[in-house]
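Observations on chain architecture
Each chain, written out:
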Amino acid sequence: MGYADLILFPIFVFLCSLFFRRLRQKYDDPFLRKYHRQGFWIKVIGCLAFTVYNVYISPGDSTGLYHKEGYNIYQLILEDSNHLKWIFQHGKLFDESLLKDPWNKGYFRAEANFMVVRFVAVLSFICLGSYAVVNLIFACIAFTGLWKLFSFFYEQYPQFHKKFAIAILYFPTLVFWSSGIMKDSLCIGALGWITYSVYEMLYRKRGFIKNSIILIVFAYLLGVIKIYILISYLPFFVLFIIFKNMEGVRNRLLRYILAPLLLTGCIYGFSLVLESYEKELGGYAVEDLTNSIHHMNSVFNSMDGRETAESNFDLGVEFDGTFQGLVHVAPMAIFTTFYRPFIWESKKMSSMLASLEGFLLLLFTIYLIFKSGIRMLFRLLLTDPLIMYCFLFSMIFALFVGASTLNFGTLVRYKIPCLPFFIICLFLIHEKVKERSAKKLLKKMQNSESSQLLLSPALS
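Remember, it's a predicted structure, so these values are computed and weren't measured experimentally. Numbering of residues begins from 1 in every chain and follows the order in which that chain's sequence is written. Since the coordinates come from a predicted model, pLDDT governs what is reported: local features require at least 70, and pairs of side-chain atoms require 80 or more to be given and counted, while whole-chain, interface and lining totals use all residues. Calculation of side-chain values draws on the structure's entire complement of heavy atoms; hydrogens and water are dropped beforehand.

This part is about the environment of V52. Here V52 shows up in helix α2 (residues 30-57). Look at V52 and you get partly exposed, because its relative accessible area is 36%. Here a strand is any run of E in DSSP of at least two residues, a helix any run of H or I of at least four, and the numbering for each starts at the N terminus. Exposed residues in this analysis have more than 50% of their type's maximum accessible area, buried residues have under 20%, and partly exposed residues fall in between, with area computed by a 1.4 Å probe over protein chains only.

Rendered as structure tokens:
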């Protein structure tokens, strides 16, 4: 980071603040205006922290791969416009003799890596290749998606706005790892926009053309970078919309008839998507999933002795590469995703923050289980469509991330797509339990008052 970053960064922060302030003017709701403003400035702070961390504390792919090679392509195009072709071609076709760093050889064969590099190269024409400013733009892309996600949940339960803001806009790990040049920033942004476009089309029934374009663009982006997020998210969200639409059907018999039909259609459509994208899914395809997880476990285990292996861990349960084995490790994998690393397992600053969050999350989960009881917990999961959708997506995602990622440094980044959904699930359960307790107390008081009224004439 040089003098150009110090000069350009505040200028672009000012320009971005003007842009988002203009967008904020369309909101009449004072809560939306407040959270939109706070969310943006929190993202700016997160971007600053991310930039300092990656430049001075722990350089990684953000500086050594994505920005270095993206800025290199930008310079190549400035020198010779014929190099513009690399922006529009697949990464595997890139001439590796043009790489800035020979150690990055082979990374462009993964289109997900090249997509991030491509973004950096294009954005460098806007911000003169400044690392800090490109980080800021990535952070703003993520913020637009997070805002759409917040708006969606806010519409469902406006009274829980503080809880949703904590889970989506304020949560430190989510803010930090989606505030710079990383795949995670683009994935979080895409996830929010996909949620918005699908909800607008299938529930509100409006803006079909506009939302179709939004869905295609961001589904493609997420499909290229991390298609397993798209595949694991959409079925549960569509399922939520199905049950949400069923709430408008007053005829109970018709609801009982329509629900299984729509659910069957959703499952059938999902299976067709899986078959169509089997090649793109690669190791995440249904037939190869357990073998892929077993292979990734072997890769992490073979890293022993390397500097990058200092944060490696094991689940404490052996995975044999079978579906039954995956079921066997599921509880520990899910637990690891949400609650580890423990404080004594953290060896880096980045994982220390996740340790503190995980510890608080664990305490809250334990409190909630005792407060609600297992029976009430399962009842809410099965009867509330929003809780069900958040729970199912976060559990499935946590299972595969926890089972396949045996490095804490990687885990804290990979798990951020499911974190807000899991936290919202816990918050909603907590609020429902509070409402239930309040109703019980009110009923008890009313019964007590009725008893007193009945006794009064008798006493007189």
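That was the structure; now back to the text.
Axis lines are fitted to C-alpha atoms, over the contacting stretch for helices. Their N-to-C directions set the angle, which ranges from 0 to 180 degrees. The contact between helix α9 (residues 183-202) and helix α10 (residues 208-246) brings their axes to 7 Å, and the two run at 45°. Taken together, α9 and α10 sit at an angle that is classed as oblique. As α9 packs across α10, the resulting crossing turns out to be right-handed. For the contact of α9 with α10, the per-class residue count stands at 26 nonpolar, five polar and six charged. Throughout this description, any angle smaller than 35 degrees is read as roughly parallel, any larger than 145 degrees as roughly antiparallel, any in the 65 to 115 degree range as roughly perpendicular, and the remainder as oblique. Crossings are sorted by hand: turned counterclockwise from the far helix by less than a right angle, the near helix makes the crossing left-handed, and turned clockwise it makes it right-handed. Throughout, the ten residues Ala, Val, Leu, Ile, Met, Phe, Trp, Tyr, Cys and Pro are labelled nonpolar, Asp, Glu, Lys and Arg are labelled charged, and all others, Gly among them, are labelled polar.

Put simply, two rings from Phe, Tyr or Trp (the six-membered ring, in Trp's case) pair if the centres are within 6.5 Å, and we call them stacked under 30 degrees between planes, edge-to-face over 60, tilted for the rest. As enumerated under the stated definition, the model contains 53 aromatic pairs in all. Judged by centre distance (5.5 Å) and plane angle (55°), the rings of Y233 and F421 are tilted. Of the two residues, Y233 sits in helix α10 while F421 sits in helix α19 (residues 419-459), which places them 188 residues apart along the sequence. Considered together, Y233 and F421 belong to a single accessibility category, that of buried residues. Both rings, one in F338 and one in F422, keep their centres 3.8 Å apart while their planes meet at 15°; by these two values the pair is stacked. Here F338, found in helix α14 (residues 323-339), pairs with F422, found in helix α19; they are 84 residues apart in sequence, far enough to count as distant. In this structure F338 comes out as buried when scored by relative accessible area, which is 2%. Overall, the relative accessible area of 5% leaves F422 in the buried class. In our convention, an over-ring charge means Lys NZ or Arg CZ found within 6 Å of a ring centre and within 35 degrees of that ring's normal. Of note, K85 hangs over the ring of W86, and the distance from its end group to the ring centre comes to 4.6 Å.

All right, on to a nonpolar patch on the surface then. Patch definition: residues with relative accessible area over 30% and no salt bridge; like charges joined within 9 Å; nonpolar side chains (Val, Leu, Ile, Met, Phe, Trp, Tyr) joined within 5 Å. Per-residue accessibility takes into account occlusion by the displayed protein chains alone, with areas from the Shrake-Rupley method and a 1.4 Å probe. A pairing counts as a salt bridge when a side-chain nitrogen of Lys or Arg comes within 4 Å of a carboxyl oxygen of Asp or Glu. Judged by side-chain polarity, Y3, L6, I7, I11, F14, L15 and L18 come together as a nonpolar surface patch covering roughly 760 Å² of accessible area. Along the chain, the position of I11 falls in helix α1 (residues 3-24). Residue class for I11 comes out partly exposed when judged on its relative accessible area of 42%.

Looking now at helix α17 (residues 385-404). Given a rise of 1.5 Å per residue, 20 residues ought to cover 28 Å, and the 29 Å separating the end C-alpha atoms of α17 matches this to within 8%. For α17, the tally of buried residues reaches 16 of 20 residues, placing the bulk of the element in the interior. A side-chain oxygen of the first residue of α17 lies 3.0 Å from the backbone nitrogen of L386; this N-cap is D384. Expected helix span is taken as 1.5 Å per residue step, with the number of steps being one fewer than the number of residues. Here a polar contact is taken to be a pair of N or O atoms separated by no more than 3.5 Å, where protein atoms must pair a possible hydrogen donor with a possible acceptor and residues adjacent in sequence count only if both atoms sit in side chains.

Note that F427 resides in helix α19. Judged by relative accessible area, F427 falls into the buried class, the value being 12%. Residues F427 and I387, 40 residues apart in the sequence, show an inter-C-alpha distance of 9.5 Å. Contact between two residues is taken to exist if any of their heavy atoms lie within 4.5 Å; hydrogens are not considered. Those residues in contact with F427 that sit more than four places away from it in its chain are K163, I166, A167 and F364.

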